[in-house]
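Residue-level listing of the chains:
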Amino acid sequence: MGLDRRGFVKIVVGGVAGTLFTPVIWKSLDDVSIWSQNWPWIPRLNKGEVKSKAALSKLCPAGCAVKVKTVGGLPFAVVGNTANPLSKGGVCPVCAAGAQLMYSPARVKSPMKKVGEGKFEAIKWEDAEALLVEKLTALKGQNGKIAAINGDETGSAGEVLSGLLAGLGNSGCYMMPGEKFVAEKGVKLMGGSGQPGFDIAGSDLVLMIGADALDSWGTTVANQKAFAATRPTGGVATAKFVYAGPVLNHTAAVSDKFLPVPPTATAAFALGLANLLINAGAVCSAPDFAEYKALAAKYTAEEVEKATGLKAESMKELAALIKAAKAPLVIAGASFGQGAGALDFVAGASLNVLLGRVGGGMTLLPAAPKAVAGAGASDKDAGSFLADVSTGKAAPGVLLVYEANPAYALPQAGDMAKALGNIAFKVSFSTYMDETASLCDLILPAPHPFERYDDNLNPYGVAKPTYLAGKPVVQKPVADCKDPVDVLLGAAAKLGLSLGFDTYADVIKAKAKALGADFDALVAGGIWTGEAKGGSLNLGASALAKVAMPKADDKTLALAPMSNQAYGSATLATPPANLLAVRDTELSGKDLFVQMNAATAKKVGVAEGARVKLSAGKGELKARVHLNEGVAPGTVAVLLGFGRSAWDEFTKGKGDNVYKILTVSDEAGTGLKVWAGSTVTVAKV
Amino acid sequence: MAHGATKEFKVTWGMVIDLDKCTGCGACMTACQVENNIAPMVDASNKMRTLSWMLVFELSNKKSGAEAEVAYLPRPCMQCGNPACVPVCPVVATEKNEEGGIVSQIYPRCIGCRYCMAACPYHARYFNWEDPIFPKGMEKALSPSTSARPRGVVEKCNFCHTRFMEAKDKARQEGGNPEGLADGAYMPACAEICPTGAISFGDVKNKEHKVFDLAQGKDAFRLLEKLGLNPQVYYVSKREWVRKLGDNYAATGKPGAAKKHS
Ligand code: SF4
Ligand code: SF4
């Protein structure tokens, strides 16, 4: 277009300069404005009846129960579902962008087959499914040859994946990291079993150690609602919230107290509190109390101060607050929802035991019934599996990747992406062209949450067994996609296996039935809840004996990955609509800013804006420095979610990926792989 | 309208934003963009070009360690009782004369001179440097509430004006009083979506509405109060340093720490 509207207005204005203050000219300019704004390239609005339909939006890790507003049948906005007791009308910033994400430029539009390095060709569904069956048939019955990585902790799809693999004589179904997995191991170390739950709404003091409960830990929106209920605007707060962690994050911002604790010191901090509480008279009937008491005695507030820089006084004040509370609750986790050790969990949870809050504040959920017979436990981790693939210890020929992005979102991501290269045939079931899909040989596009059936059982954090389910909001998906579970069930049938179901909807119906829930009520936006089971826990003293006081070291900084829910997750790059929320002190052009306090920056010899390189293991991250006094001493905070190498123009190549510099270590005594306590070196470039 | 005078309305729509509840999650910003068809920008880190009708500022008490505090301050258009932007518009493209007190922006009249932007001390107004280009197909997810604006015009939050019209229509159809909507009958997108309920909305002159009391609470304040623009957006915080920043903002005429994210 030779002359755009602004240019046009400018020319007219130029022509009349000098007479601008006569109203006649302004009137004719007004007409020019109206005329020039009627050009056809201004998008037209959709017409039709506006409706609102219940949906389960699993765009965020916890899943939001929402209502999708449609005009003429097309979704355009997401609002809360006030009738749903979990989300209570709230929506997280990612699900808020849900309707627009249906049309994300990163969507996989049809099945694709790899035809060369980074090159794909669109193929028909029948060819794609035949190819999948062919590859599975070839390796059927050879254990270790077919593997799957699942990134969906709460859906019944995992059962179908695991059931299919079992039917094919394989047991390699691996989970992407999350807190549920670690917490369940922690509960075992405390002599119990099951998924722990946390009743924030029923507590009058909530201490969050690491766990960013009001932004990205657990059922975030439900947590936010519980928090909000305790502080009526203009009224008196009925509960206290305290955040102890590496960064003054969204949770800390609204908490009554923030205690800067480096991510390497989560367990030591909790034991320090235990010591103060025991000294102030706390006792409990757990069989290992004496052992625990002796252990905690080593963690005096002064020792913890020496190791972490956290003032002993702050810890003592906190202990007094806890003592004064009637119903305190401690939630421990990693500040970014993964990579913490079971010992970090146990150290936090042991405080609940000590305070007599197991069964009240901290609960245990009973084992959930399975819909698919033959589905195994989901307790194997994808990181260890890919590490084995890279050394040749594991050598699968086919890998199925479901709602997971291991090439981007596992520690030492660069190595993980390379390890994927050792697997001859990789299939990605993904809605979006993510880093992993772009390395796969076959991409089978999955529907967007508003186009599919899905369910959500016991999202981590809920205090009671909880089940949600959703059905499609639209008649027809935007892309040529198929439900991954339907595809897997179809493949199973062709391989001569029967998993007992033809469609994912049937699986979910069976799951609902097994729980005693009403499927129709669920997909209409309802919820099913059960009761937590009884049972006690010990203090985990023998496991906690392995906790070590963190050592300050002059050469490295503790690395605190920071998650900001609006900026996306492992399986979702920042939604285009949410880029506006990213601050220019976080990302500027293509530069990511890492954050540290002024004293740390001085120690490292860098100033605001300096270009730096963070390295650990084989990974490197390039960024600039932003000073933030809310970062714990000796710690560098790095936002998760940037440095995408796939996706779309909105996200690709912006910033760097912190997963590249997370390093895995073995947790003493538990055999778990951990990376929440990673350290890095920082160098000026 | 005369300079320096607050125009009184029977109904005065206002917001009371509880800064002690806002976690800075950004859901309100997303909901606002969706409701008002703001096209996503490829480089949204260029804050001189972005359109943020709702913008969540980060405020800091500038202390360190356990003393450090931050607060998030969502900033829509203040819909001032005595707006600085209205009198400077040469083509009357922005007005304050509708019952409810919402400052309008009439896009077809706007010639993009940006005098209003310069006049607004809250930086609540934005200029369309680009045409609204949505990624292919995404125009199917446009909200029916608001027309997309072409490049060359100024735009801003209008308290989701279409929702106001719809609420009045609904009241009419149901035999209610469109000039005396019940509390909650009209709710802007940001207030509706906020997961912590930090944003309360209603008629600040109507005793039946929650915001009536909230706006008069002892911890309530408005930004740049001293300028006398009489904003219809109130904030609440028990934290003195936060309230003081609201004042500082007034004292210097600059958004101070809030400027960090503009
Ligand atoms: S949605 Fe609510 S909590 Fe989130 S940033 Fe906006 S006002 Fe704050
Ligand atoms: S009232 Fe409407 S237009 Fe204004 S900030 Fe909120 S959502 Fe945006």
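Residues numbered from 1 in each chain as written. Chains lettered and ligands numbered in written order. Predicted model: local features only at pLDDT ≥ 70, side-chain atom pairs only at ≥ 80, totals over all residues. Heavy atoms only, no water.

Student: Summarise the overall build of chain A; cite the residues concerned and give the values.
Tutor: Each helix and strand counted, chain A has 21 helices and 28 strands in total. Taken against the 2.2 N^0.38 rule, which gives 26 Å for 685 residues, the C-alpha radius of gyration of chain A at 26 Å falls within 12% of a compact globule. If one aligns the C-alpha atoms of chain A with their principal axes, the spans along those axes are about 85 × 75 × 50 Å. Residue pairs at least 24 apart in sequence account for 73% of intrachain contacts in chain A once pairs closer than 6 positions are excluded. A total accessible area of about 24,200 Å² is found for chain A, and carbon and sulfur atoms account for 54% of it. (Helix = DSSP H or I, 4+ residues; strand = E, 2+ residues; numbered from the N terminus. Rg over C-alpha atoms; globule rule 2.2 N^0.38 Å. Contact = heavy atoms within 4.5 Å. Areas by Shrake-Rupley, 256 points an atom, 1.4 Å probe, with all protein chains shown as cover.)

Student: Requested: an account of the site of ligand 1, with residues and values cited.
Tutor: Near ligand 1 lie 13 residues; those nearest to it are B:Cys22, B:Cys25, B:Gly26, B:Cys28 and B:Cys194. Residue composition of the shell around ligand 1, grouped by class: 9 nonpolar, 4 polar and no charged. (Near = heavy atom within 4 Å. Nonpolar A, V, L, I, M, F, W, Y, C, P; charged D, E, K, R; others polar.)

Student: Describe the packing of aromatic side chains, with residues and values.
Tutor: As enumerated under the stated definition, the model contains 18 aromatic pairs over all chains in all. Relative to B:Phe201, the ring of B:Tyr186 lies with its centre 4.8 Å away and its plane at 75°, an arrangement referred to as edge-to-face. Taken as a pair, B:Tyr186 in the loop between helix H3 (161–173) and helix H4 (189–193) and B:Phe201 in strand S6 (residues 199–203) lie far apart in primary sequence, 15 residues in all. When its relative accessible area of 4% is taken as the criterion, B:Phe201 is described as buried. Cluster of aromatic residues (ring-pair linked, three or more members): B:Trp13, B:Phe159, B:Phe164, B:Tyr186 and B:Phe201. Looking at A:Arg644, its charged tip hangs above the ring of A:Tyr408, at a distance of 3.8 Å from the centre. (Phe/Tyr/Trp six-rings, centres within 6.5 Å; stacked < 30°, edge-to-face > 60°. Buried < 20%, exposed > 50% of the residue type's maximum accessible area, 1.4 Å probe, protein only. Lys NZ or Arg CZ within 6 Å of the ring centre and 35° of its normal.)

Student: Account for the sheet that holds strand S7 (residues 220–221) of chain B, naming residues and giving values.
Tutor: For sheets, the rule is that strands pair by backbone hydrogen bonds, running either parallel or antiparallel. Strand order in the open sheet made by the 4 strands is S6-S1-S8-S7 (chain B), with mixed pairing throughout. Lying at the two open borders of the sheet, with one neighbouring strand each, are S6 and S7 of chain B. (Pairing = 2+ DSSP bridges.)

Student: Describe the site of ligand 2, and please don't skip the residues or the numbers.
Tutor: The environment of ligand 2 is formed by 13 residues, the closest being B:Cys32, B:Cys157, B:Phe159, B:Cys160 and B:Cys190. Here the residues of the shell around ligand 2 sort into 11 nonpolar, 2 polar and no charged.

Student: Before we move on, can you summarise unusual backbone geometry with the specific residues and values?
Tutor: Residues and elements named next belong to chain B. Positive phi is not limited to glycine here, since Asn-37 has a value of about 50°. Along the chain, the position of Asn-37 falls in the loop between helix H1 (27–35) and strand S2 (55–60). Judged by its relative accessible area of 4%, Asn-37 is buried. Here the phi dihedral of His-123 falls at roughly 55°; this positive angle occurs in a residue that is not glycine.

Student: Pulling in residues and values, what's your account of the domain arrangement of chain A?
Tutor: Residue and element names in this part refer to chain A. When the domains of chain A are assigned, the result is domain 1 (5–37), domain 2 (50–102), domain 3 (112–174 + 378–529), domain 4 (200–360) and domain 5 (551–684). Between the C-alpha centres of domain 2 and domain 5 there is a distance of 30 Å. In this complex, domain 2 contributes 8 residues to the contact, which on the side of domain 5 involves 9 residues. Across the domain 2 to domain 5 interface the summed buried area is about 630 Å²; carbon plus sulfur atoms make up 75%. Interface area lost by domain 2 to domain 5 is led by Pro-93, Val-94 and Leu-101, which between them contribute 56%. At the boundary of domain 2 and domain 5, one finds 0 salt bridges. Counting every contact that joins domain 2 to domain 5 gives 1 residue pair in polar contact (both at pLDDT 80 or more). (Domains from an automatic or database assignment. Buried area = accessible area lost by both parts, 1.4 Å probe. Salt bridge = Lys/Arg side-chain N within 4 Å of Asp/Glu carboxyl O. Polar contact = N/O pair within 3.5 Å; in protein donor to acceptor, adjacent residues only side chain to side chain.)

Student: How would you sum up the pairing of S2(B)? Please name residues and give values.
Tutor: Residue and element names in this part refer to chain B. With 6 of its 6 residues buried, S2 lies for the most part within the structure. Going residue by residue along S2, you find Leu-55, Phe-57 and Leu-59 tucked away on one face and Val-56, Glu-58 and Ser-60 tucked away on the opposite face as well. Direction of pairing for S2 relative to strand S3 (residues 70–75): antiparallel, over a ladder of 6 bridges. Across the sheet, Leu-59 pairs through a bridge with Ala-71, a residue of S3.

Student: Now, about the interface of chain A and chain B: what can you tell me, with residues and values included?
Tutor: Each side of the interface is counted separately: chain A has 75 residues, and chain B has 77 residues. Across the chain A to chain B interface the summed buried area is about 6,300 Å²; carbon plus sulfur atoms make up 61%. Where chain A touches chain B, the interface holds 0 salt bridges. Linking chain A with chain B are 16 residue pairs in polar contact (both at pLDDT 80 or more).

Student: So what about helix H7 (residues 220–229) of chain A? Which residues, and what values?
Tutor: Turn by turn, an α-helix covers 3.6 residues, leaving residues three or four places apart pointing in a common direction. Residue and element names in this part refer to chain A. Counting buried residues along H7, 9 of its 10 residues qualify, which places the element largely inside the surrounding structure. Among the residues making up H7, those that are buried are Thr-220, Val-221, Ala-222, Asn-223, Gln-224, Lys-225, Ala-226, Phe-227 and Ala-228. Where H7 is buried, its residues contact strand S2 (64–71), strand S10 (240–245) and helix H8 (250–254).

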